[in-house]
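# Geometric and topological summary
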Amino acid sequence: MENRYAAHPNEVKTYDTARLREEFLMEQLFAKDELVTVYSHVDRYIVGTAVTQSKDITLEVNLKDIGTDFFLERREIGIINVGGQGTVTADGEAYEIGAKECLYIGKGVKEVVFKSNGTEQAAQFYFVSTPAHHTYPTVKATQEQAQPNHLGSIETSNERTIYRYIHQGEGGIKSCQLVMGITELNKGNMWNTMPAHTHNRRSEVYLYWNLPEDGVVFHMMGEPTETRHLVVRDRQAIISPSWSIHSGVGTSNYTFCWAMAGENQTFEDMDGVAMKDLK
C-alpha cells in the first residue's frame, strides 16, 4: 500500500509540477485483477480499486500498515462501481452492484470480496475507507435512490447533477464520518465547483472518469490566493487537503466521484471564495 503524507500550504507554494503530482495525484489506480490501495495521512483515507477482470479480489492489505487484525476492524468503506455489473460480498452476504451504484460497509465486517458478474465488461470497484468508531449497517444505494440535485447552467458551463449516497441528511446512508457521492456534468459543460470553496473542517478525494482517451481535466488546487493546477486523465484521483480549493475544467464533460472525511458530515459546510479573490 502506497503512503501519502500531509503537506503544509506554505511548503506546497514551492512545489514544481512533478512534486505536486507526486504528492496529490493518484495516477495508476486501476489495474486488472489487482487490489490497488493508497494510504493518505490527510484524515487517514485509504483510497483503492479492485478491477475483477478474470478473478475475484479480496480486500486485504498489510495489516501492519493499519495496526488491526482485519481491514474493517476500525474502519468503514464506501464502494462505487465505475465499470460493468459486479458483486460485493460482505461476510458472506452478496450485493449486486451495477454501474454508478454504491455500497456502504460498516465497521466490523471481516471479509469483503469483489467479483464481476460477466466477462464482457469487468466490474471496476472504486472505494474510499475512513476510520470509524461505531458500526452502521451495510447498505446499497442505486443512482435513483441518491437524491439527485440539479445545479448550474449552460451559460456558466457547469450544468450538472449531484448524487449523494453516503451522508447524514434525510434518505442518506449513515456513516461515522465518510461522505460520498458522484457528480455528472451535462453534455457541453466543463466546470465543476466554480466559484470555488474550501472547508477547513474536512478534506476531500476526487476521482475523475468518463473522459475520452485524449481528454483531460485541469484540476485547480492550492490556497485561494496561491492557486496551482494538475492535469488529470480518465480514472485518476486527487487528494485535496482542507486548506485547498478543489475545482476543475475539462476538455469535455465528465463524471467525478467525491468523498469527504473530517470534523463533520454537513454537506453544505463550506467557505465560499469569491471569483475576485482567486489568484
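For every chain, the first residue of its written sequence is number 1, and the numbers climb from 1 along that sequence. For this predicted model, a pLDDT threshold of at least 70 governs which residues receive local features, and a threshold of 80 or more governs which side-chain atom pairs are given and counted, while totals over whole chains, interfaces and linings are taken from all residues. Calculated side-chain values reflect all of the structure's heavy atoms, with hydrogen atoms and water omitted.

Going by the annotation in an unreviewed UniProt entry, the name recorded for the protein is 4-deoxy-L-threo-5-hexosulose-uronate ketol-isomerase, with Paenibacillus amylolyticus given as the source organism. UniProt positions are given in the numbering used here, feature names are shortened, and annotations may be inferred rather than shown by experiment. Taken verbatim from the UniProt record of the protein, the Catalytic activity (unreviewed entry) comment is "5-dehydro-4-deoxy-D-glucuronate = 3-deoxy-D-glycero-2,5-hexodiulosonate".

What follows is about the overall build of the protein. For the protein, the count of helices and strands is 2 helices and 24 strands. In this setup the radius of gyration rests on C-alpha atoms only. A globule is expected at 2.2 Å times the number of residues raised to 0.38. Over its C-alpha trace the protein gives a radius of gyration of 18 Å, about what one expects of a compact globule, namely 19 Å for 279 residues. Taken over the C-alpha atoms alone, the protein extends approximately 55 × 40 × 35 Å along its principal axes. For every residue, the accessible area obtained with a 1.4 Å probe (protein chains only) is divided by the maximum for its type, and the residue is called buried under 20%, exposed over 50%, and partly exposed between those limits. The proportion of buried residues among the 279 residues of the protein is 56%. Here, residues are in contact when the closest pair of their heavy atoms is within 4.5 Å. Taking the contacts inside the protein whose residues are at least 6 apart along the sequence as the reference set, 71% of them involve residues at least 24 apart. Summed over all atoms, the accessible surface of the protein reaches about 12300 Å², with 45% contributed by carbon and sulfur. Helix numbers and strand numbers start at the N terminus; a helix is a DSSP run of H or I with at least 4 residues, a strand a run of E with at least 2. Computed with a 1.4 Å probe, the accessible areas rest on the Shrake-Rupley method; for each residue, only the protein chains presented here act as cover.

Here we come to helix α2 (residues 17–24). Where α2 is concerned, the buried positions are L20, R21, E23 and F24. In this structure, the buried side of α2 is in contact with β1 (2–4), α1 (9–12), β2 (25–26), β19 (217–223), β20 (226–232) and β21 (236–240).

Bringing the pattern of salt bridges into the picture now. Any carboxyl oxygen of Asp or Glu within 4 Å of a side-chain nitrogen of Lys or Arg constitutes a salt bridge here. Taken as a whole and assessed by the stated rule, the structure comprises 11 salt bridges. Between E2 and R4 there is a salt bridge, and its shortest N-O distance comes to 2.6 Å. Measuring nitrogen to oxygen at the nearest pair gives 4.0 Å for the salt bridge that ties K13 to E223. With a gap of 210 residues between them, K13 in the loop between α1 and α2 and E223 in strand β19 connect regions that are remote in the sequence. Connected via shared salt-bridge partners are E11, R19 and E23.

Moving on: the nonpolar core. The biggest cluster of nonpolar side chains holds 30 residues, and the ones touching the most others in it are L29, Y126, Y165 and M180. With residues up to four places along the chain from it excluded, the contact list for Y126 reads L29, F30, V47, G48, T49, G78, I79, I80, M180, V205, L207 and C257. In this text, buried Ala, Val, Leu, Ile, Met, Phe, Trp, Tyr and Cys residues form a nonpolar core when linked through side-chain atoms within 4.5 Å.

Of note, the amide linkage connecting M194 to P195 takes the cis form, showing an omega dihedral of 10 degrees. Although it is not a glycine, D33 sits at a positive phi angle of roughly 60 degrees. For D33, the location among the structural elements is in the loop between β2 and β3 (35–40). Overall, the relative accessible area of 18% leaves D33 in the buried class. Positive phi is not limited to glycine here, since S157 has a value of about 60 degrees. Relative to the helices and strands, S157 is located in the loop between β13 (149–151) and β14 (160–166).

Along strand β15 (residues 179–185), 7 of the 7 residues are buried, which leaves the element largely enclosed by surrounding structure. Across the two faces of β15 the burial is the same, with V179, G181, T183 and L185 and M180, I182 and E184 all buried. Strands qualify as paired when DSSP identifies two bridges or more between them. Pairing between β14 and β15: 6 bridges, direction antiparallel. Residue pairing for β15: T161 is matched across the bridge by E184. In the sheet, β15 pairs with strand β23 (residues 255–262) via 6 bridges, with the strands oriented antiparallel. Each bridged residue has a counterpart across the sheet, and for T183 the counterpart in β23 is F256.

Let us now look at the side chain of R21. Checked against the element boundaries, R21 lands in helix α2. According to the relative accessible area criterion, R21 is buried, its value standing at 18%. Here a polar contact is recorded for every N or O atom pair within 3.5 Å, except that within protein the pair must consist of a potential hydrogen donor and a potential acceptor, and residues adjacent in sequence are included only if both atoms are side-chain atoms. In terms of polar contacts, R21 uses its side chain to reach the backbone carbonyl oxygen of V231, at 2.9 Å. Once residues lying within four places of it in the same chain are set aside, the contact partners of R21 are R4, E27, L230 and V231.

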